[in-house]
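Coordinate analysis (summary)
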Amino acid sequence: MPDSFSGKVAVIQFPGVNCEPETVRAARAAGLEAEIFRWNMSPRLLNEAAAVILPGGFSYQDRVRAGAVAAKDRIMDKLSDLAGKGKPVLGICNGAQVLVEAGFIPGLHWEKIDLALAPNVMSDREGYYCNWIYLRVEENNCVWTGEYQEGEIAPMPIAHAEGRFITRDENIIDDMHRNNQIVLRYCSEAGRLDSSFPVNPNGSIENAAGICNPEGNVLAMMPHPERASWLRQVPEDISGKWRAKRRGSCFRPEKMEDEGPGLGFFASIIKEISG
Amino acid sequence: MKARAELWVKLKVTDLVVETAWLTLTEKLDFDYLRGLTKYSCWFMKCEGNSLEETADQLNRVITLDSTFTNQNKHKYSLIIEGEENKTGEGKSSSIAKRGDLNIDEDFTLRSEASSGKLYACDCFVTELESDKNMNYTDRISGRPGDISISEMRAGLVWRLIIEADSRNDAEKKAEEISVTRSRRGGLLLNPHYQDFEIISTVSLSERGAN
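Residues numbered from 1 in each chain as written. Chains lettered and ligands numbered in written order. Predicted model: local features only at pLDDT ≥ 70, side-chain atom pairs only at ≥ 80, totals over all residues. Heavy atoms only, no water.

**So, the pairing of strand β7 (residues 153–160) of chain A**
All names here are of chain A. Rules: Relative accessibility under 20% of the residue-type maximum defines a buried residue, over 50% an exposed one, and the middle range a partly exposed one, all with a 1.4 Å probe and only protein chains included. Labels follow the DSSP assignment, with helices taken as runs of H or I lasting at least four residues and strands as runs of E lasting at least two, numbered in each case from the N terminus. At least two bridges found by DSSP between two strands are what make those strands a pair.
Here β7 lies mainly inside the structure; seven of its eight residues are buried. Strand direction decides the pairing type here: strand β6 (residues 129–137) and β7, joined by eight bridges, are antiparallel. Bridging from a neighbouring strand, Tyr-129 pairs with His-160 of β7.

In structure tokens, the structure reads:
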């Protein structure tokens, strides 16, 4: 483990997460310096980190509730401080659950729990769902989506049982709209919003797939961009502009290593952290 | 005959979810008045059958055969059936039938001793909003041969919190603080945006002499 994270992206490894190596690889492929940061390392080391990513998996084996135990961890005290000061923080899948349980997202009242990532609600089935879906990037000021155009559609894999953004407080939804915080929404391959399964794969409010804080430096997203960072990871039967790219790479190994639709999330913060 | 039935199910071995919750609550969140913690899967239902004992036997057969409710290799359980009313519908019957190898009325394990206050055991029932699980459980019981009809079903988790407090009200207030996650440094056991919470029982352990 490195003893300095100066200028690097720290990918937090809580006990039970399992996407940290591939997240580090994707961040490096985007041109970032990234290292795994064990949860029990000195939180002070995070001071010098350029950004922090909470990867997917099952922190603390999802005991009690997905993300709930990790959200209380000592390292989250430091992360709360740094995120409050503007450090870019990305939570992917279980990382998103941790950020929601920690009250960083939606972040309207810092550390207050205004949202939940509840069990999926789907027609005629329940529980875990794993598939490729389509995301629409909405107008926003989030530092993690700068590489995408407003309205751009990106295919991305999801794999979760508890990914339904929900709140009991209708005012929270209004506030999130007002602040353009719902930055990623589940949509059809043509970009149409539809609240029913499978376009909205988990019953999330407002088709939300990713929500940032009002300042735009913290993003919680359920899809896995690290699993869509190379063209070789994209299914051949995907629709839209990525279909042609993916099919064009068949039997051309060198093209298979080209950028995939998820790499932009990692590339987006290069300008932010170098500026 | 109408009856209320309660099924309480607990792991025979150490429940690691409870261990993690205990460490989180006492070491990360400093709820130093928490003295004990246990978790049960619970089903509370209203049912109707031919007689109390027959209903108890039929329900007992279903829950021991269907691993949705219990797995005999890893669970202890308590099935309690209480007659709701007599044939004319007047007054309450005190008839109770019990099955199973778990005595929930005596299952109070202290992890740390009380310092000065009294001890209370608060049973916090946590259910999910917008879940169709209750319907599924009803179908699983009704789908088995027998004469039981289920009219109401509530399924969820019961966290039994043993709390040091000055009074019953104080204990219930502290149980809510521990249970409901309102902030990062707040409670742990449920997220109020998709889960409901109810204290279904508070027992004074000091009065029972359990301390």
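**Section: the interface of chain B and chain A**
For the record, the criterion: Working rule for contacts: check all heavy atoms of both residues, and any pair within 4.5 Å makes them a contact. Two parts placed together each lose some accessible area under a 1.4 Å probe, and the buried area is that loss summed for both. We define a salt bridge as a contact between a side-chain nitrogen of Lys or Arg and a carboxyl oxygen of Asp or Glu at a distance within 4 Å.
In this complex, chain B contributes 29 residues to the contact, which on the side of chain A involves 29 residues. Its largest share of buried area at the contact with chain A, chain B owes to Arg-184, His-193 and Tyr-194 of chain B, together 36% of the area lost on that side. On the surface where chain B and chain A come into contact, there are five salt bridges. The salt bridge involving Asp-73 of chain A is made with Lys-28 of chain B; its shortest N-O contact spans 3.4 Å.

**Describing the pairing of strand β2 (residues 34–38) of chain A**
Where strand β1 (residues 9–13) of chain A lies against β2 of chain A, five bridges are found, and the strand directions are parallel. Bridge pairing links Val-11 of chain A to Ile-36 of chain A in β2 of chain A.

**A few points about the sheet that holds β1 of chain A**
Backbone hydrogen bonds hold the strands of a sheet together, and the pairing may be parallel or antiparallel. All names here are of chain A. Going by this rule: Here, axes are lines fitted to C-alpha atoms. For helices the fit covers the stretch in contact, and angles between N-to-C directions go from 0 to 180 degrees.
Taken in spatial order, the nine strands line up as β2-β1-β3-β4-β11-β10-β9-β6-β7 in an open sheet, and their pairing is mixed. Strand pairing shows two members of the sheet lacking a second neighbour, β2 and β7, which therefore form its edges. Looking at each pair of strands side by side, their axes are set apart by 25 degrees on average, direction ignored. Taken together, the three bridges between strand β10 (residues 208–212) and strand β11 (residues 218–221) define a ladder with antiparallel strand orientation. The partner of Gly-210 across the bridge, within β11, is Met-221.

**Digging into the pattern of salt bridges**
Scanning all chains against the criterion turns up 37 salt bridges over all chains. Taking the shortest distance from any N to any O, the salt bridge between Glu-254 of chain A and Arg-252 of chain A comes out at 3.8 Å. Between Arg-140 of chain B and Asp-66 of chain B there is a salt bridge; the shortest N-O distance is 2.7 Å. You can see Arg-140 of chain B sitting in helix α3 (residues 133–142) and its partner Asp-66 of chain B sitting in the loop between α2 (52–65) and β3 (75–83), a full 74 residues away along the chain. Residue Asp-66 of chain B is classed as buried on the basis of its relative accessible area, which comes to 4%.

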